[in-house]
Amino acid sequence: MEGESEGEVSMSQREAGISPVVSPGDESGTNAGSALAKEAAALYEKKSYQECLSLLQQILAKKESDPKVIHNIALAEFYRDGCTDPYKLLDVLEQVKQRTCEELARAADEQLEGIGNNVTSPNGSTTGNTIVKPSPPEGSYIEDYDLSIPTLNTAIVYYHLKQYASAFHVVEPLFANIEPVDESCALQICLLMLDIALASRKAESAALVLHYVEKSYGLGQSGLENAANVQQLSVVPPTLAASSALDGKYLGITSSPAPPLVTSPIGEGSSLTQGSGEETFEEDALSIGLEIDGSHSVRSLPTRVPAIEKSHPAPGTELKLLMHLYRVRFLLLTHCLKTVKREVKSALNLSKDNITALLLKAQLEYLRGNYRKAMKLLTTCIARAENAVVPMILSNLGCVYHYLRKDQTAALFFAKALQRYSSMSKERPLKLTTFSQDKSLSVYYNCGVVQLLSGNPVMASRLLQESYSMFYTRPLFWLRLAECCISALEKGLLTDVSARKEEVKVVVVGKGRFRRLVLPSGGSNPSLVSGTQPDNVDGVFPQDGKEGKPITLSMAIAKRFLQYAFLLLERDGKPEELAAGTETEALVMGNSEVSPSSGAQEGRDAASTLASFTAEEKLEAAMIRVCVLVDLAFVELCLENPLAALSNAEAALQQHHVTKAYSFLAHVYAAEALCLLDRIKEAEGHLEKCMMDWTSSSGDFLEEDTAAATQKNGDHNNGDASSGGEDGSSRNLKEQMNFARFTGTQARASLYVNFAAIHAMQGELLQARQCALQALAIAPGSSMAVLAMVYVELSQGRTKEAVTMLKRCRRLSVSRPGARAGM
Amino acid sequence: PGPNCFSKAAIRNVLPDPDLPSGYSSDGLETGVSESESGELAAIELMQASTLKGLEPAWDRPIPPKFPLRKEELLWLTPDSEHDLLWHSGMCADSSRGAAVRELIARALKGALAPAQQQQVLQELESDPKLVYHCGLTPRRLPELVENNPIIAVEVLLKLMNSVQSSEYFNALVSMDMSLHSMEVVNRLTTAVQIPVEYIHAYINNCISSCENMKQDKYMQNRLVRLVCVFLTSLIRNRIINVHDLFIEVQAFCIEFSRIREAAGLFRLLKSLE
């Protein structure tokens, strides 16, 4: 089909006389080819893809299956078709790479033969190291088989598809071997890698690239004006710099900072060499460039700036601006808020209406907790932003509103943003950049998280599911989905597991003196609804994500989500490596060593930010891991798998960074699992351990209770408490992880309830009563405490007391059989 | 699931709660409704309402909290930079770029180039900074270049300083046989740029052992020893190496060749730095 249309067009072109003069049997095929190629490139530049393609077909006819031609054809077709099928392009690029490799291998074979004939060992027997063996054509004709362009294009497509993991995977090796790559391509590789690294929060890689670009394009970290100076200083090692300054004099003697110890022997040494008079030796020495009398020591060497190629033209304003923006994004990512301000300012100085710079400035204010300022900036932006940017601003406003505790408004803004995106994708022809302009996936995620936190788990799960293809490599994404399930469980929205019975449902039967109260049987905790098969989960998330029908929330699927999260965490590294922050520091220091004089302080700052950022990231990963394990323990209990619950709870307890709240939960879950496994003594041990941890730091109770008072709403204790703090609250994750609910009185009450159960189950009714009383004293009227007491009373045969106790329950529902429960 | 502590501890969950006017005992008489009727009704209702499970001890299983939201988790959106697909301009291009240099480098591996040729290589390398990666030199062939055209070797190595392959080239350089030319190259490199010190150490060790092993040719040995001494002195004076890292080796070397004046001088230099 394609071929046909090709043919037609080229025909019409020939008729129109556009076709270049190339007769089929042209002798100088390559020359004509290169002329055609130039013309095709020009047409490509002019976006006349159809014409360009017909030329390319002509070229292809001459150079059959030349990967470069195929590559360019794929590009032109992709653009001609309106960038509709990026996956097809990826396929072709892959083929191009493969074919290039094959050709390279073939060429290597041929070359081997060629070399094999005329290899002569240059130094005969002395060169023991140089094995007389033909070398593969590494580098020799490598540009003919250069993969950097198709590889770069592959990475670009992945980037625009927001598949940052794949994109990074592709671009990283390119960057690692960037020196041989042509200039135009190299810069693009750098910028692309920066974008990808920043998008996937790989601060370390971003720092590497930033450093490299600054270094090789003379964009100093500080002022750009004296970039050349910095460059000069940064590369020439101090010894050389000093010696060239003292040219013609004796290095050691005159250099004043040298300690006197050194000077005297040098004098002797010189007299010694001068007196020698052996010509061969002097010649030798001279020939290897060693100074004998020192007078022409350094001059003989070319003074050079080796690390940096001078061929780079002075960076244009555009590049300067870009680099400022990249730096801002890097600093925002690593939460280096103080330095950001300066960078934003310099960016705005270069272009005061730059929308990206303004949005970044708003982000800075947002991160610093100046929500009003951020909002003001955003609303002024929205008026003059072009269409593609408006939804981004709307989404950012959504974030700000969330932190202003206006989740309704936040959701509204996210919804507006999504609406914009959907209408945009309908009305506008697709450009490649349209993919990346469409940031709806991020908006879906933002909105999903906010919905989850404001207690709409089902809606949240739908939204999160939409963002799957961008976030599926993040453990937190899966954790959030699991949290949707748990939140839905809390609200009784699951079909496979019953909700926790918050109220005590009592059924009254009979009348008069036959009246009986029937208490709820079994436990009050979530349990499997009879008839469900817990491990039967529909295959969630097919490869392309979007096709899948909306997931039905269940505990079984929560388990699956948590397992994904855990696997991803495992893949990303062990928590034991937490101390590895120093490594990155060393890395960066190593790099800045090349430029010892250029802002060593800045280098150190960058290194320390980077180190603290990685430490922070690792801490977060460790916290997520704890959270995932504890959630898994909970979910397994709900699914009635006590063994699995136990192992997860125990694993959680073994993590480093278990906060008090999570240690409490893990102990309680483990104890319950052990009871279910009929190992009551061990269960008791867990509870005792928990109690001991608390009494040993009982002083905290008061503090935490006051903290609990400030953080009232259960769903909102996730938001930040300090609304104007410089840091916001995002930094002290560990504190945030100590949910007052699970460290304060409430937790103590449930611990006593459970202790009462443990004692009762062992027939120790007196102790059980003590514990139940304790629980009641802390939380009078709580159904758990009441039930604990009722159990004890009943076990002791005190029916009347039990009934009286029951009536103290704050959440009691009494019903008649047949009638629906509820008051 | 088999019995567990909870189910084993379950007790009867039905408790009598007789509804009697005050003053009547539960054994009392009239309640208005016929006795047998209400008893029957109660029994039926009881059967409907109760299950086989009894009342288990209450156990509080708290619902785990949500992971706290950090500001970084919500995505702040800014426009992406545009990355357009890159046209392969190498298509049908003249692949003779650097062919002359490739040719010359190939020759330079086998013998010294004429000054004009050498100049040409240097110029072309200078004018096209990427050419060095395409000139056909590999780490394995570096020693040949060093032996035949040290100046070119220096230039090439300087250009390769930043490349990922630089370590391979350095390794090839410092482990090749010691010779005037290799020393020239190392020396020029050390004065021009900072070379990772481990390579310099490796080269010095290589030099020292070469001198020691050259027993059969006293004349050549003398020559080399003196050169090594001057070389070392220069490295020490220019603070390119820290003497203390190699103190023992160098001292032993000086003692072994103390008959040679330069070695004695180096020895004194060492002593003075001790």
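Numbering of residues starts from 1 in every chain and runs along the sequence as written. Chain letters and ligand numbers both follow the written order, the letters beginning at A and the numbers at 1. A pLDDT threshold of at least 70 governs which residues receive local features in this predicted model, and a stricter bar of 80 or more applies before side-chain atom pairs are shown or counted, although totals over entire chains, interfaces and linings include all residues. Excluded from the side-chain calculation are hydrogens and water; included are all heavy atoms of the structure.

- Chain B goes by CCR4-NOT transcription complex subunit 11 in an unreviewed UniProt entry, where it is assigned to Selaginella moellendorffii.
- Of the comments in the UniProt record for chain B, the one headed Sequence similarities (unreviewed entry) reads "Belongs to the CNOT11 family." UniProt positions are given in the numbering used here, feature names are shortened, and annotations may be inferred rather than shown by experiment.

Some points on the pairing of strand β1 (residues 504-509) of chain A
Residue and element names in this part refer to chain A.
- When a residue's accessible area, from a 1.4 Å probe over protein chains only, is under 20% of the maximum for its type it is buried; when over 50% it is exposed; and in between it is partly exposed. To qualify as a helix, a DSSP run of H or I must reach at least 4 residues; to qualify as a strand, a run of E must reach at least 2; elements of each kind are numbered from the N terminus. With respect to burial, β1 is a largely interior element, five of its six residues being buried.
- When DSSP finds two or more bridges between two strands, those strands count as paired. Pairing geometry for β1 and strand β3 (residues 812-815), over four bridges, is parallel. Bridge pairing links lysine 505 to serine 813 in β3.
- By the bridge criterion, three bridges tie β1 to strand β2 (residues 516-518) in an arrangement that is antiparallel. Bridged to valine 509 within β2 is arginine 516.

Structural notes on the packing of helix α22 (residues 440-453) of chain A against helix α23 (residues 457-466) of chain A
Residues and elements named next belong to chain A.
- The interhelical angle for the contact between α22 and α23, taken along N-to-C directions, is 160°, at an axis separation of 7 Å. Taken as axis vectors, α22 and α23 run roughly antiparallel relative to one another. Regarding α22 and α23, the two cross each other, and that crossing is left-handed. For the pair formed by α22 and α23, the contact residues are Leu441, Tyr444, Tyr445, Cys447, Gly448, Val449, Gln451 and Leu452 on the first element and Met459, Ala460, Leu463, Leu464 and Glu466 on the second. Note on method: axes are straight lines fitted to C-alpha atoms, helices fitted across the in-contact stretch only, with angles between N-to-C directions ranging 0 to 180 degrees. By definition in this entry, angles of less than 35 degrees are roughly parallel, angles greater than 145 are roughly antiparallel, angles of 65 to 115 are roughly perpendicular, and the rest are oblique. Crossing handedness: left-handed means the near helix sits turned counterclockwise from the far one by under a right angle, and right-handed means the same turn made clockwise. In this analysis, two residues are considered to be in contact whenever any of their non-hydrogen atoms come within 4.5 Å of each other.

As for empty space enclosed by the protein
- Buriedness of a pocket was judged along seven lines, with at least five required to meet protein on both sides within 12 Å; pockets are open sets of points on a 1 Å grid over the protein atoms alone, cavities are sets where a 1.4 Å probe fits but cannot get out, and lining residues have an atom within 4 Å of a point. Grid points are joined across faces, edges and corners, and a volume is the space filled by probe spheres set on the points. Scanning the entire structure with this criterion turns up nine cavities of 30 Å³ or more.
- As for the largest cavity, its lining consists of 24 residues, of which Leu198, Ala199 and Gln363 of chain A together with Leu75 and Trp76 of chain B are closest to the centre.
- For the lining of the largest cavity, the elements supplying multiple residues, two or more each, are α8 (183-199), α15 (317-333) and α17 (355-367) of chain A.
- Tallying contributions element by element places α17 of chain A first for the lining of the largest cavity, with four residues.

Things to note about the pattern of salt bridges
- The term salt bridge refers to a side-chain nitrogen of Lys or Arg lying within 4 Å of a carboxyl oxygen of Asp or Glu. With the rule as written, the count across this model stands at 25 salt bridges over all chains.
- In this structure, arginine 798 of chain A engages glutamate 793 of chain A in a salt bridge whose closest nitrogen and oxygen atoms are separated by 2.9 Å.
- For glutamate 793 of chain A, a relative accessible area of 5% puts it in the buried group.
- Residue arginine 226 of chain B is joined to glutamate 262 of chain B by a salt bridge in which the shortest nitrogen-to-oxygen separation is 2.9 Å. Separated by 36 residues along the polypeptide, arginine 226 of chain B in helix α10 (residues 218-237) and glutamate 262 of chain B in helix α12 (residues 261-273) bring together distant segments of the chain.
- Residue arginine 226 of chain B is classed as buried on the basis of its relative accessible area of 6%.
- Taking relative accessible area as the criterion, glutamate 262 of chain B reaches 5% and is therefore assigned buried.
- A single salt-bridge network, built from bridges that share partners, covers Glu214, Arg327 and Glu343 of chain A.

A short note on the sheet that holds β3 of chain A
- Read from one edge of the open sheet, four strands run β3(A)-β1(A)-β2(A)-β1(B), paired in mixed fashion. Every interior strand has two partners, whereas the edge strands, β3 of chain A together with β1 (14-16) of chain B, have only one. The mean angle between the axes of side-by-side strands here comes to 25°, regardless of whether they run parallel or antiparallel.
- Pairing between β2 of chain A and β1 of chain B: three bridges, direction antiparallel.

Quick word on the packing of helix α3 (residues 49-62) of chain A against helix α4 (residues 67-80) of chain A
All names here are of chain A.
- Across the interface, α3 lies against α4 with an axial gap of 9 Å and an inter-helix angle of 160°. Looking at the two axes, α3 sits roughly antiparallel to α4. Once α3 is placed against α4, the crossing between them reads as left-handed. Taking contact as the criterion, the partners of Tyr49, Gln50, Cys52, Leu53, Leu56, Gln57, Ile59 and Leu60 in α3 are, on α4, Val69, Ile70, Asn72, Ile73, Ala76, Glu77, Tyr79 and Arg80.
- Ten residues, namely Ala, Val, Leu, Ile, Met, Phe, Trp, Tyr, Cys and Pro, are considered nonpolar, four, namely Asp, Glu, Lys and Arg, are considered charged, and the remaining ones, Gly among them, are considered polar. In the contact of α3 with α4, the residues fall into eleven nonpolar, three polar and two charged.

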